[in-house]
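Observations on chain architecture
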Amino acid sequence: MEKKIDESVQGATLTLESNEKNTRKLYIESYGCQMNFSDSEIVASILAKEGFNTTQELSEADLVLVNTCSIREKAELTVRKRLEKFNAVKKINPNMKVGVLGCMAERLKDKFLEEEKIVDMVVGPDAYKDLPNLIQEIDEGRNAVNVILSKDETYGDVAPVRLNSNGVTAFVSITRGCDNMCTFCVVPFTRGRERSRDPQSILEEVNDLWDKGFKEITLLGQNVDSYLWYGGGLKKDYDKASEIQKASAVDFAKLLELTALAQPKMRIRFSTSNPQDMTLDVIRVMAKFENICNYVHLPVQSGSNRILKAMNRLHTREEYFELIDNIRELIPDCAISQDMITGFPTETEEDHKDTLSLMEYVKYDYGFMFAYSERPGTLAARKLEDDVPLETKKRRLAEVIEVQRKSSLYRTQQHVGKVQEVLIEGPSKKSDAHWMGRNSQNTVVVFPKENYKIGEFVNVKSYDCTSATLLGEAVSYSKNN
Ligand code: SAM
């Protein structure tokens, strides 16, 4: 069920095609959300031009980078353990340099250099273009830190190197930072205020991906529905834009439409949608274009109005239901997934029951569920006592997961017996004789390979399922092929 923070890829090392001219070796590990993995592709692109080839062998690395996550305490603990491991390797290879990138670097800033003695370089998510200078600093024996958050950095002009890619699906960043200020969340502090990327550079990247053979893209941001391009700058400064800038502004519905039109055969997904920002226009555009997948990731975090307010989620349970009803009316077979937090400060059994009943109403296709973990610096950490006992958080989490398991099974069963278009992503993990792909709703489909190939669109008839996987047989190529 974990897709957004995919446990199977946590700590994955990235491998690039080697360039003969490059003489130094980079070992880079990534943790956290898709945004972080996407950022590592930007970092690798910048460093490939600085003479680095990637390696999977820690012991032979000249530079070790760890792209970190601060969302939950567990993520930070994992990174600290990895740093201990790097320390052991550094004792054998004293020339090796270690850099920390990403959200944890931004949160701890130069405290990192004091706390973790082996760290040579600390780089926040908006400072990757400064990496060549920072590396020069550490080469000359000085520690280097750049954690300045930017008003306009979107890396729109850096072509990411697609790492460990299946060559079929890719992420395209469209916004950076977040303005929502959910009280549990560290993102606005680690990734800065929200800014959108120039639509022209997004479309160029999408066209380039199509030319390279990619067949599906996911437009990526902390809150994609809040996308707003008016010539650059922070979203919060839109009020100060000129009349011309406002008249020619591009919002998310428009961007989605432009992308769907630019590559009519490319499958388009997007993530993450915040309920308060998702408009009817976006749903209408989804309904209008066949190449936009029928799937929305729509985190709600809690089903209780009282808790939603304490979390500073700017909508009510009733408004969320209205949005769900609108999606189902305009796109009847749309899949919907959630993020949920159990045990937020002051959460009572009554609040928890509201969460369970909301889940029963929506019957989500998938879910990403977490026990609340207090994050230093957030509004909740400053203002609210973390007063729900761990045992209670865990028990509520187990109950939430159980409801989700049942509705996942129910939703997956609805696809059985149907013929659906599936994009082949690669071999099935369990069987060499089978392909794995996804239908429009993002459900995994496994079917015999026959003569079909990776990257092809195939019509598959499903005959059985588990809660998360459809089993089927290909019946023909789809018309999209
Ligand atoms: N921007 C998205 C949103 O607002 O829904 C996603 C943010 S975060 C990268 C992904 C998920 O982690 C959140 O939706 C939330 O469920 C979970 N999360 C964030 N902070 C958390 C915390 N302090 N404790 C537990 N879960 C947390």
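Residues numbered from 1 in each chain as written. Predicted model: local features only at pLDDT ≥ 70, side-chain atom pairs only at ≥ 80, totals over all residues. Heavy atoms only, no water.

Some remarks on the nonpolar core
Leu219, Phe252, Leu256, Phe270 and Met278 are the most contacted members of the largest nonpolar core, which has 49 residues in total. If we ignore the near neighbours within four places in the chain, the residues touching Phe252 are Ile174, Leu219, Val224, Asp225, Tyr227, Phe270 and Val282. (Core = buried A, V, L, I, M, F, W, Y, C linked by side-chain atoms within 4.5 Å. Buried < 20%, exposed > 50% of the residue type's maximum accessible area, 1.4 Å probe, protein only. Contact = heavy atoms within 4.5 Å.)

Description of the pattern of salt bridges
Inspection of the entire model under this criterion finds 37 salt bridges. Taking the shortest distance from any N to any O, the salt bridge between Lys236 and Asp237 comes out at 3.5 Å. Among the residues examined, Lys236 registers a relative accessible area of 41% and is labelled partly exposed. Between Arg284 and Asp281 there is a salt bridge, with its nearest N and O atoms 3.3 Å apart. Highlighted residues: Arg284 and Asp281, both in helix α10 (residues 280–288), separated by three residues, approximately one helical turn. When its relative accessible area of 45% is taken as the criterion, Arg284 is described as partly exposed. (Salt bridge = Lys/Arg side-chain N within 4 Å of Asp/Glu carboxyl O. Helix = DSSP H or I, 4+ residues; strand = E, 2+ residues; numbered from the N terminus.)

Re the sheet that holds strand β18 (residues 419–427)
The strand order around the closed barrel built from five strands is β18-β19-β20-β22-β21, with neighbouring strands paired in mixed fashion. In this sheet, adjacent strand axes meet at a mean angle of 55° when their direction is disregarded. Summarising the sheet, strand β20 (residues 444–448) and strand β22 (residues 469–477) pair through three bridges and their orientation is parallel. Paired with Val445 across the two strands is Leu470, which belongs to β22. (Pairing = 2+ DSSP bridges. Axes fitted to C-alpha atoms, helices over the stretch in contact; angles between N-to-C directions.)

Here's the deal with the site of the ligand
Taken together, 16 residues lie around the ligand, and Phe184, Gln222, Gln301, Asp339 and Ser373 are the ones closest in. For the ligand, whose free accessible area comes to 560 Å², the fraction covered by protein is 97%. Listed by contribution, the elements that provide at least two residues to the shell around the ligand are β16 (335–342) and β17 (366–371). Looking at the shell around the ligand, its residues break down into seven nonpolar, four polar and five charged. (Near = heavy atom within 4 Å. Areas by Shrake-Rupley, 256 points an atom, 1.4 Å probe, with all protein chains shown as cover. Nonpolar A, V, L, I, M, F, W, Y, C, P; charged D, E, K, R; others polar.)

What to know about the pairing of β16
Most of β16 is tucked away, with eight of its eight residues classed as buried. Side-chain alternation along β16 places Ala335, Ser337, Asp339 and Ile341 on one buried face and Ile336, Gln338, Met340 and Thr342 on a second face that is also buried. Where strand β15 (residues 295–297) and β16 come together, three bridges link them in parallel fashion. Residue pairing across strands places Tyr295 opposite Ala335, the latter belonging to β16. Sheet topology places β16 next to β17; six bridges connect them, and they run parallel. Considered in β17, the bridge of Ser337 is made with Tyr366. What joins β16 to β17 is helix α13 (residues 349–362), and the crossover it makes is right-handed. (Right-handed = clockwise from strand over helix to strand, strands pointing away.)

Focus: the packing of aromatic side chains
Throughout the structure, instances matching the rule amount to eight aromatic pairs. A ring pair is formed by Phe252 and Phe270, whose centres lie 5.2 Å apart and whose planes are at 75°; its orientation type is edge-to-face. Placement of the pair is Phe252 in helix α9 (residues 252–262) and Phe270 in strand β14 (residues 267–271), with a sequence separation of 18 residues. When sorted by exposure, Phe252 lands in the same class as Phe270, which is buried. Aromatic pair Phe321 and Tyr361: ring centres 4.3 Å apart, planes at 45°, arrangement tilted. One end of the pair, Phe321, is in helix α12 (residues 317–330); the other, Tyr361, is in helix α13, with 40 residues separating them in the sequence. Between the NZ or CZ atom of Arg72 and the centre of the ring of Phe370, over which it lies, the distance is 3.9 Å. It is Lys363 that lies over the ring of Tyr410; its NZ or CZ is 5.9 Å from the centre. (Phe/Tyr/Trp six-rings, centres within 6.5 Å; stacked < 30°, edge-to-face > 60°. Lys NZ or Arg CZ within 6 Å of the ring centre and 35° of its normal.)

Focus: the sheet that holds β16
Pairing in this open sheet of three strands is parallel, and the strands run β15-β16-β17 from one edge to the other. Edge positions in the open sheet fall to β15 and β17, since each of these has one partner strand only. Adjacent strand axes in the sheet meet at a mean angle of 10°, parallel and antiparallel pairs treated alike. Taken strand by strand, helix α15 (residues 390–415) contacts β16 and β17, and its axis lies near 175° from that of β17.

In short, shape yes, function no, at least from these values alone.
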